[in-house]
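Per-entry structural report
So the chains spell out like this:
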Amino acid sequence: MKEVKSSKGLTIAVVFFAFNRPDKLKNTFNSYLSCHNAQTDDIFVFIDGPRNLKERILTDECYQVSKELMPQATIIARDENLGLKYSIHGGISDVLKHYEAVIVIEDDLKLDSEFYNFMRTGLIKYNGHEKVYQISGYNYKPEDGIDAFFLPITNSWGWATWKSKWQGFDLTTNYQSLIVTKSDKTKYNFGGSFNFSRMINLECSGKISSWAIRWYSYVYSYDGLTLYPPQSLVVNDGFNDGGTHSSYASSELFSSAISYSTIDINYPDVVELSEFKVGTLQKHLRKRLNKKIVGYIKSLLKRVSYAK
């Protein structure tokens, strides 16, 4: 491990996660290197191991891309395939043994030029605050304005956290205990606007593999908050392109992937939930859910009419 450098007393590492998409990884690196004031030291790249010989070629290409574009980085190319869940958790946990905070970037993201500044400023400003668990570069519903705000839901697209918050997080806790009653379920599901409970039930039963729904559950269990930018500073370039976790649930939740760059961001001095943003996002998600239900009903009616 290299000598750790501090950022205003806070040691920050930038951690990239890759697997078998060297072209996507190259684009992600280039977008990061275009960020204003992006640090070029204390960089780590974790490349998950291949599942077959074909993927061995691709993971080797990811290694070469990393060496070429991030020559100063510590590159960890795994021999075995851990899967995203264990790669993310293990990689971040290892890095945070030596750093106080991490900025986490997966290999299919395009970052706005202000992404790094937002991550770094948020980490420094809210370091040590008991309620703030994450800094998000993504905004589920970008709108005009320059004010950052807090929501009770987390994000897995370009984000940051601190060692003090991550060290209690594990992959074995049964978070289904959080949703025993109907009111529990409504609250856990962000006011009934998104089916997080289905995701955690599938994860705990082994039907899906997701570190992200567990991270959300962990933060939720402490009533933690995530800082969001006024506009989205991240766009996902990996949907429908071979991404392991490009599920319908992800596409519904991350459907507003439009980036509106802004430089003058106001960071709230008081850490509190933005009730207005909660309300507008819940309305947005319910609207999308209703459209999906209507579309499903229409498809059923068509099948019935054809059967006659």
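Residues numbered from 1 in each chain as written. Predicted model: local features only at pLDDT ≥ 70, side-chain atom pairs only at ≥ 80, totals over all residues. Heavy atoms only, no water.

1. So, the environment of arginine 120
As for its position among the elements, arginine 120 is in helix H4 (residues 115–125). Relative accessible area serves as the criterion here: at 27%, arginine 120 is assigned to the partly exposed category. When the C-alpha positions of arginine 120 and glutamine 39 are compared, they lie 9.8 Å apart, and in sequence the two are 81 residues distant. (Helix = DSSP H or I, 4+ residues; strand = E, 2+ residues; numbered from the N terminus. Buried < 20%, exposed > 50% of the residue type's maximum accessible area, 1.4 Å probe, protein only.)

2. Quick look at empty space enclosed by the protein
For the structure shown, the criterion picks out 1 cavity of 30 Å³ or more. Considering only enclosed or pocket space, the largest cavity measures out at about 70 Å³ in volume. Ranked by residue count, the leading element in the lining of the largest cavity is helix H10 (residues 275–307), at 3 residues. Of the residues belonging to the lining of the largest cavity, the class tally is 5 nonpolar, 2 polar and 3 charged. (1 Å grid on protein atoms, 1.4 Å probe; cavity = no way out; pocket = protein on both sides within 12 Å on 5 of 7 lines; lining within 4 Å. Points joined across faces, edges and corners; volume = space filled by probe spheres on them. Nonpolar A, V, L, I, M, F, W, Y, C, P; charged D, E, K, R; others polar.)

3. Some thoughts on the nonpolar core
Tyr32, Ile103 and Ile135 are the most contacted members of the largest nonpolar core, which has 83 residues in total. For this core, the element with the highest residue contribution is strand E2 (residues 10–18), accounting for 8 residues. (Core = buried A, V, L, I, M, F, W, Y, C linked by side-chain atoms within 4.5 Å.)

4. Observations regarding the packing of aromatic side chains
Overall, the coordinates contain 28 aromatic pairs when judged by the stated rule. Measuring from centroid to centroid gives 5.4 Å for phenylalanine 17 and phenylalanine 46, while their planes differ by 15 degrees, and the two rings are stacked. Remark: phenylalanine 46 occurs in strand E3 (residues 43–47) and phenylalanine 17 occurs in strand E2; sequence separation between them is 29 residues. You'll find phenylalanine 17 and phenylalanine 46 in the same group, each marked buried. Above the ring of tyrosine 133, the side-chain terminus of lysine 165 is found at 5.2 Å from the ring centroid. The aromatic ring of phenylalanine 149 is capped on one face by lysine 277, whose charged end is 4.9 Å from the ring centroid. (Phe/Tyr/Trp six-rings, centres within 6.5 Å; stacked < 30°, edge-to-face > 60°. Lys NZ or Arg CZ within 6 Å of the ring centre and 35° of its normal.)

5. Things to note about the packing of helix H1 (residues 22–33) against helix H2 (residues 53–69)
Running from N to C, H1 and H2 point in directions that differ by 20 degrees, and their axes come no closer than 9 Å. Taken together, the axis directions place H1 and H2 in an arrangement best described as roughly parallel. Between H1 and H2 lies a crossing of right-handed hand. The residues of H2 that touch H1, namely those facing Pro22, Leu25, Lys26, Phe29, Asn30 and Leu33, are Leu58, Glu61, Cys62, Val65, Ser66 and Leu69. Within the contact of H1 with H2, the residues separate by chemical class into 8 nonpolar, 2 polar and 2 charged. (Axes fitted to C-alpha atoms, helices over the stretch in contact; angles between N-to-C directions. Parallel < 35°, antiparallel > 145°, perpendicular 65-115°, else oblique. Left-handed = near helix turned anticlockwise from the far one by under 90°. Contact = heavy atoms within 4.5 Å.)

6. Some details on the pairing of strand E5 (residues 101–106)
Among the 6 residues of E5, 6 are classified as buried, and the element is accordingly described as predominantly covered. The sheet contact formed by E2 and E5 spans 6 bridges and is parallel. Across the sheet, residue phenylalanine 17 finds its bridge partner in E5, namely glutamate 106. One ladder, built from 4 bridges, connects E5 with strand E9 (residues 159–162); its direction is antiparallel. Residue isoleucine 103 lies in a different strand from E9, and its bridge partner there is alanine 160. (Pairing = 2+ DSSP bridges.)

7. Digging into the layout of surface pockets
Computed from the structure, the second largest pocket encloses a volume of approximately 210 Å³. Around the second largest pocket, the lining is made up of 15 residues, and of these Pro152, Lys187, Tyr220, Asp223 and Leu273 lie nearest the centre. Mapped by element, the contributors of at least two residues to the lining of the second largest pocket are helix H6 (182–188), helix H8 (211–221) and H10. Of the residues in the lining of the second largest pocket, the class split is 9 nonpolar, 3 polar and 3 charged.

8. Thoughts on the packing of helix H7 (residues 196–204) against H8
Across the interface, H7 lies against H8 with an axial gap of 9 Å and an inter-helix angle of 115 degrees. For the pair H7 and H8, the sense of crossing is left-handed. Here Phe196, Met199, Ile200, Glu203 and Cys204 of H7 lie close against H8, whose contacting residues are Ile213, Arg214, Tyr216 and Ser217.

9. Observations concerning the environment of phenylalanine 115
Along the chain, phenylalanine 115 falls in helix H4. Spatially, the C-alpha atom of phenylalanine 115 lies 8.9 Å from that of alanine 38, the residues being 77 residues apart in sequence. Not counting residues up to four positions away in its chain, the partners in contact with phenylalanine 115 are Cys35, Ile103, Ile105, Gly137, Gly158, Trp159, Leu233 and Val234.

10. Concerning the environment of leucine 171
When you line up the elements, leucine 171 lands in the loop between helix H5 (163–166) and H6. In this structure leucine 171 comes out as buried when scored by relative accessible area, which is 11%. Between the C-alpha atoms of leucine 171 and tyrosine 86, which are 85 residues apart in sequence, the distance is 8.5 Å. Excluding its chain neighbours within four sequence positions, the residues that come into contact with leucine 171 are Lys85, Tyr86, His89, Trp211 and Arg214.

11. Brief notes about the side chain of threonine 28
As for its placement among the helices and strands, threonine 28 is situated in helix H1. Of the polar contacts made by the side chain of threonine 28, one reaches the backbone oxygen of aspartate 107; its length is 3.2 Å. (Polar contact = N/O pair within 3.5 Å; in protein donor to acceptor, adjacent residues only side chain to side chain.)

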